[in-house]
Amino acid sequence: MVKKKNIQVRTKQPSTCRATTPVSQIAESEALDPLKESTHHRAPAAPLELQTTDEIPQGFPDRVYLLAAAIFQNNHLQKPAAHRLVNYGKQRGLPLPEVKDEEMRRAAYELAFNTLKYQDLLEDIMIDSCLHLPPSIPDDEMSLAAVVLYDLQDRKFMPRRHHQGQTEEIIAEARSIENYLTGCSTKLAASLARCRIKHNVLSIHCILPRSVRIKQGRSNCLPHYAWVNTMKSSLDEVQAVLKSSGFSQVKSAAHLEGQSFCRDPHCGDLLVFPAGLKPRLNSTNLLTDHKLTIQDKFCSLGPNLVCSVLPARGDVLMVGHFSGLTVAHTASLVAWKHTTQQNSNNQSTVYVCVSGTEARRQEIQQVVTTMGCKNVKLMPGVFQSLDRAEKTLQRVRVILLTPRCSMSAVSDPVQFILQENGGV
């Protein structure tokens, strides 16, 4: 097992997309380093696009590649047989390898998501280098080859860096594919360079549609929203801890700058922080102690609305697609309302219809228990199967129905999938 990890989730993006030097000059100057951007004639950066860094990624543990490959295999675009040159086998709906480490899971989903975005380009590289032809790589291992190839070009075809004294789990399947691709790195780099020349771009990021690039850049500029868990703390206590840790409170999100925060104008228990402050928030222990929880604002609107219309003596029924965090947030708000109304003798209960597998129910129960919510009761089964005459439901006054999210407006789908279970 990995005792110490240095996993970095990255989304590398260029400052400009179109090459301003002749194609022949690009071929001569960048053939040996196909991902190096030209420093001449560089256009100003677009406001919503990220800047590149000179840091070369170090690669991931073997288990990250396996999980990313399974995700890619289940979700890759299946082209018509007449236009399909790269085959990924016939298996779909593969069970995902169990990875409990949060950093490793995030890295795997990010790697799979990037591989899906660049599937066409990666297949062009495989075809140009004849990597898709037998007996190079079997079809059932081609998904693993795709995610390793994306990571390999992301670290400029440099070998994976292993830290001295670090014990890593070795998975033969992943090491075999990685070693094979590393041995072909010169040929693969040349194929990537030819693809870039073909599209006349300085970075593979520029091959993506502009709308995708803008959304991807925007996701890294969005502020962090975090709700206060009244089961473990209070709004005043959390604000005091933040101020004692060097945070300054401002009037509105328009004034957020540096190490600051503000109250959200729509949700009373919600605090807003500038983008990129999560590592600083971790140092306050508010997140690790579950006194403060980062979650997208759209997930907080439903629970806050429920709390605003819930009568003094009434329970809540949650139905649909939601995460354990949303259940805990609803329970926290309901308990907070009774505290502010000095009505602790008539605590409301949050009933939750949990359809699906037993693992799903256990997952929600674990989150609820971790957050300290004692006013939640899980009810197995679908909403249609509930008996209206059941005694426990007689005090239900509000039903929170959460439909499945299309994710069409989600700027960071990886975060949504990991935190909100993809809306399932």
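These notes cover the structure that comes with them. Here the structure is a predicted model, which is why all the values come from computation and not from measurement. (Residues numbered from 1 in each chain as written. Predicted model: local features only at pLDDT ≥ 70, side-chain atom pairs only at ≥ 80, totals over all residues. Heavy atoms only, no water.)

**Digging into the packing of helix α4 (residues 119-128) against helix α7 (residues 185-199)**
Stated precisely, the cut-off is as follows: Whenever a helix is involved, its axis is fitted only over the stretch in contact; in every case the axis is a line through C-alpha atoms, and angles between N-to-C directions fall within 0 to 180 degrees. In this text, helices come from DSSP runs of H or I with a minimum length of four residues, and strands from runs of E with a minimum of two, each type numbered from the N-terminal end. Oblique is the label for any angle not covered by the other classes, which are roughly parallel (under 35 degrees), roughly antiparallel (over 145) and roughly perpendicular (65 to 115). By the definition used in this description, the sense in which the near helix is turned from the far one sets the handedness, with an anticlockwise turn below a right angle giving left-handed and a clockwise turn giving right-handed. We call two residues contacting when some pair of their heavy atoms lies within 4.5 Å. The residue classification treats Ala, Val, Leu, Ile, Met, Phe, Trp, Tyr, Cys and Pro as nonpolar and Asp, Glu, Lys and Arg as charged. All others, Gly included, are polar.
Relative to each other, α4 and α7 sit at 125°, their axes nearing to 9 Å. Put simply, α4 runs oblique to α7. Crossing handedness for the pair α4 and α7: right-handed. On α7, the residues touching L121, D124, I125 and D128 of α4 are L188, S191, L192, R194 and C195. Taken together, the residues of the contact of α4 with α7 break down into five nonpolar, one polar and three charged.

**Remarks on the pattern of salt bridges**
Selection rule: Any Lys or Arg side-chain nitrogen found within 4 Å of a carboxyl oxygen on Asp or Glu counts as a salt bridge. Burial here depends on accessible area, computed with a 1.4 Å probe over protein chains only, as a share of the maximum for the residue type. Under 20% is buried, over 50% is exposed, and the range in between is partly exposed.
Evaluation of the coordinates by the stated rule reveals 13 salt bridges. For K79, the salt bridge is made with E123, and the minimal N-O distance between the two is 2.8 Å. Taken together, the residues span a long stretch of sequence, with K79 in the loop between α2 (62-75) and α3 (102-117) and E123 in helix α4 at a distance of 44 residues. Among the ionic pairs, R160 bridges to E178, the shortest N-O distance being 2.6 Å. Within this pair, whereas R160 is found in the loop between α5 (142-154) and α6 (172-183), its partner E178 is found in helix α6, the two being separated by 18 residues in sequence. Look at R160 and you get buried, because its relative accessible area is 8%.

**As for helix α14 (residues 413-420)**
Burial of α14 is extensive: six of the eight residues sit out of reach of the surface. Listed in full, the buried residues belonging to α14 are P413, V414, F416, L418, Q419 and E420.

**Details of the pairing of strand β4 (residues 270-273)**
Going by this rule: Any two strands between which DSSP finds at least two bridges are classified as paired.
By the alternation rule, side chains of β4 split into L270 and V272 and L271 and F273, which are all buried. Pairing of strand β1 (residues 224-228) with β4, which is carried by four bridges, proceeds in the antiparallel orientation. Bridge pairing in β4 places W227 opposite L270. Pairing between strand β3 (residues 260-263) and β4: two bridges, direction antiparallel. Following the sheet pairing, R263 is matched in β4 by L271. The hairpin formed by β3 and β4 contains six residues between the paired strands.

**Notes on the sheet that holds strand β8 (residues 376-380)**
Strand order across the open sheet formed by four strands is β8-β7-β6-β9, with parallel pairing between neighbours. The sheet terminates laterally at β8 and β9 (396-402), the two strands that pair on one side only. Averaged over all neighbouring strand pairs, the angle between strand axes comes to 25°, with direction disregarded. Alignment of strand β6 (residues 315-320) against strand β7 (residues 350-354), held across three bridges, turns out to be parallel. Looking at β7, one finds that L317 is bridged to Y351. Each of β7 and β8 is contacted by helix α13 (residues 358-370), which is oriented at about 180° to β8, the strand it contacts most.

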